[in-house]
Amino acid sequence: MCNRIIACLDVRSNDDGDLVVTKGDCYDVREKSSDGKEKGRVRNLGKPVALAQRYYEEGADEITFLNITSFRETPATDAPMLNVLQETSKNVFVPLTIGGGIRDYKDSDGNMWSALDVASTYFRAGADKVSIGSDAVKAAMKWWADGKKGSGKSSIEQISSVYGAQAVVISVDPKRVYVASKDDIQELKNKKGHTVIQTKTPGPNGEKFCWFRCTAAGGRKELDFDVAALVIACEALGAGEILLNSIDCDGQQKGYDLELIDMVCRTVTLPVIASSGAGKPHHFSDLFESTTSQAALASGIFHRKQVQIEDVKKHLKSTKHPVRM
């Protein structure tokens, strides 16, 4: 099976109200002043349809749109984002994934929209898969609280029951939490059920162990719920794939968090897409050599042409990792 290279486009409105592709640095999409104290304008790295077309022509195996604009509050009637999907799907013939705001909600007119309604709208506009973030965390926590039982009403269950598991991707936004003492490790494992690993990247005070905290709302809300528990529940609820981000590695271009990715790959049988941290072609081969992940996602290095998709694939082919050229 070939390894997949996926281009990711974070889409939102800029300060002038235009829909643009942006990129965060540890999830912060605004430019910073030279001293790092003041925030400037939203980074504008191009137009979503044009960039998606470019990545298709350059050999991307899939394209993912993450809708981080305010329109995601009413995703089923988000005309700008739906138009992006419709226009992209006319000339881009690789799988398209869309994420952002997929959940049950009530619009300003009082109409109720289910997560299935939202997903169906995206599929009709040209998407092949939907990516669920915060709502997946909510569903997973409920699954554990209910004794490892689904309700049939979660966004994951609704969508996978109609469109199949392959149409449901779970977007995970974890953050490292370092553990200081053996007593803390035992409490986390025994009382809270967290998965604690020994790390080769010590914490700020030399800590040698850590766990990975789930976040919601685009990384803004931290939860006392760990990633291993999340992915176990999501697999049981009917998800078909995990998109594994890393708040700590986002925008740093020092490589993927291989310890996090390896832990998740060992926890579930679902395919895992690695995201956050790629900066060089060898970071992709490092991923495929160190984990069982078969898909790697990147954004900023592709947007700025620091690394081309073709460069990544040539490097992977030269290091004996199968790719579609």
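For the structure, check the block above.
Attention in this report is confined to the structure presented alongside it. All of these numbers come straight from a predicted model, not from anything done at the bench. (Residues numbered from 1 in each chain as written. Predicted model: local features only at pLDDT ≥ 70, side-chain atom pairs only at ≥ 80, totals over all residues. Heavy atoms only, no water.)

**Examining the overall build of the chain**
Formally: We count a stretch as a helix when DSSP gives it H or I for four or more residues in a row; a strand needs E for two or more, and each element gets its number in order from the N terminus. The size measure is the radius of gyration over C-alpha atoms, and the globule rule it meets is 2.2 Å times the number of residues to the 0.38 power. Working rule for contacts: check all heavy atoms of both residues, and any pair within 4.5 Å makes them a contact. Using a 1.4 Å probe, accessible areas were evaluated by the Shrake-Rupley method; residue-level cover was limited to the displayed protein chains. Charge counting follows a simple rule: Lys and Arg are positive, Asp and Glu are negative, and His as well as the terminal groups are ignored. By convention, the charge on Lys lies at NZ, on Arg at CZ, on Asp at CG and on Glu at CD.
Looking only at helices and strands, the chain has 11 helices and 17 strands in total. Computed over the C-alpha atoms, the radius of gyration of the chain is 19 Å, within 12% of the 20 Å expected from 2.2 N^0.38 for a compact globule of 325 residues. Here the C-alpha coordinates of the chain stretch approximately 55 × 50 × 45 Å along the principal axes. Partitioning the intrachain contacts of the chain with sequence separation of at least 6 by distance along the chain shows that 69% fall at a separation of at least 24. Split by element, the accessible area of the chain, about 14800 Å² in all, is 48% carbon and sulfur. Counting 43 positive and 43 negative side-chain charges, the chain places the averaged centre of each group 2 Å from the other.

**Some details on helix α1 (residues 48–58)**
Quick note on the threshold: Exposure categories follow from relative accessible area, calculated using a 1.4 Å probe and restricted to protein chains: below 20% of the type maximum is buried, above 50% is exposed, and the middle band is partly exposed. By construction, the arc corresponds to the directions joining the helix axis to the C-beta atoms.
Those residues of α1 lying buried are P48, L51, A52, R54 and Y55. End-on, the buried residues of α1 take up no more than an arc of 160°, which puts them together on one face. In this structure, the buried side of α1 is in contact with β1 (4–13), β2 (19–22), β5 (62–67), α2 (79–91), α10 (300–303) and α11 (309–318).

**Observations concerning the nonpolar core**
We apply this condition: Residues enter a nonpolar core if they are buried and are Ala, Val, Leu, Ile, Met, Phe, Trp, Tyr or Cys, with the set joined through side-chain atoms within 4.5 Å.
One finds I63, F65, I156, I170, F284 and F302 to be the most contacted residues of the largest nonpolar core, which totals 84 residues. Sorting elements by how many residues they give to this core places helix α7 (residues 227–237) first, with eight residues. With sequence-adjacent residues up to four places away left out, I170 is seen in contact with I132, A136, I156, C234, A239, E241, I242 and L243. Membership of the second largest hydrophobic core comes to eight residues, among which are I6, V169, L243 and A295.

**Looking at helix α5 (residues 155–163)**
Residues of α5 that are buried: S155, I156, E157, Q158, I159 and S160. Immediately beyond the C-terminal end of α5, within one or two residues, lies G164, with a positive phi of roughly 100°.

**Some thoughts on unusual backbone geometry**
Phi is positive for A217, which is not a glycine, with a value near 55°. Tracing the sequence through the fold places A217 in the loop between β13 (209–216) and β14 (221–226). We note that K305 has phi near 60°; this positive angle belongs to a residue other than glycine.

**Brief notes about empty space enclosed by the protein**
Here is the rule: The way it works is a 1 Å grid over only the protein atoms, where trapped points that fit a 1.4 Å probe form a cavity and open points with protein on both sides within 12 Å along at least five of seven lines form a pocket, and then any residue with an atom within 4 Å of a point lines it. Grid points are joined across faces, edges and corners, and a volume is the space filled by probe spheres set on the points. Polar here means any residue outside two lists: the nonpolar Ala, Val, Leu, Ile, Met, Phe, Trp, Tyr, Cys and Pro, and the charged Asp, Glu, Lys and Arg; Gly therefore counts as polar.
Per the counting criterion, the structure on display carries one cavity of 30 Å³ or more. Here the largest cavity is characterised by a volume of approximately 30 Å³. Lining the largest cavity, in full, are E62, T64, T97, K129, V169, L243 and I273. Class assignment for the residues of the lining of the largest cavity results in three nonpolar, two polar and two charged.

**Side note on the pattern of salt bridges**
This is how it is decided: What makes a salt bridge here is a side-chain nitrogen of Lys or Arg within 4 Å of a carboxyl oxygen of Asp or Glu, nothing more.
The tally for this structure, following the rule as stated, stands at 16 salt bridges. Here K142 ties to D146 by a salt bridge, and the two come within 2.7 Å at their closest N and O atoms. A relative accessible area of 43% places K142 in the partly exposed class. Overlapping salt bridges, with partners in common, bring together R4, E62, K129 and E241 in one network.

**Here's the deal with the packing of aromatic side chains**
Note the following rule: Two aromatic rings from Phe, Tyr or Trp, using only the six-membered ring of Trp, form a pair when their centres are within 6.5 Å; if the ring planes differ by under 30 degrees the pair is stacked, by over 60 it is edge-to-face, and anything between is tilted.
According to the stated counting rule, one finds seven aromatic pairs in the structure shown. Each ring, one from Y55 and one from F302, has its centre 6.2 Å from the other, and the planes form 55°; the classification is tilted. Linking Y55 in helix α1 with F302 in helix α10, this pair joins segments that are 247 residues apart in sequence. The same class applies to Y55 and to F302, which are both buried. Each ring, one from Y256 and one from F284, has its centre 5.8 Å from the other, and the planes form 85°; the classification is edge-to-face. One end of the pair, Y256, is in the loop between β15 (241–244) and α8 (258–267); the other, F284, is in helix α9 (residues 281–290), and 28 residues separate them in sequence. There is no split in this pair, since Y256 and F284 are both buried. Aromatic rings pair up to connect Y55, Y256, F284 and F302 into one cluster.

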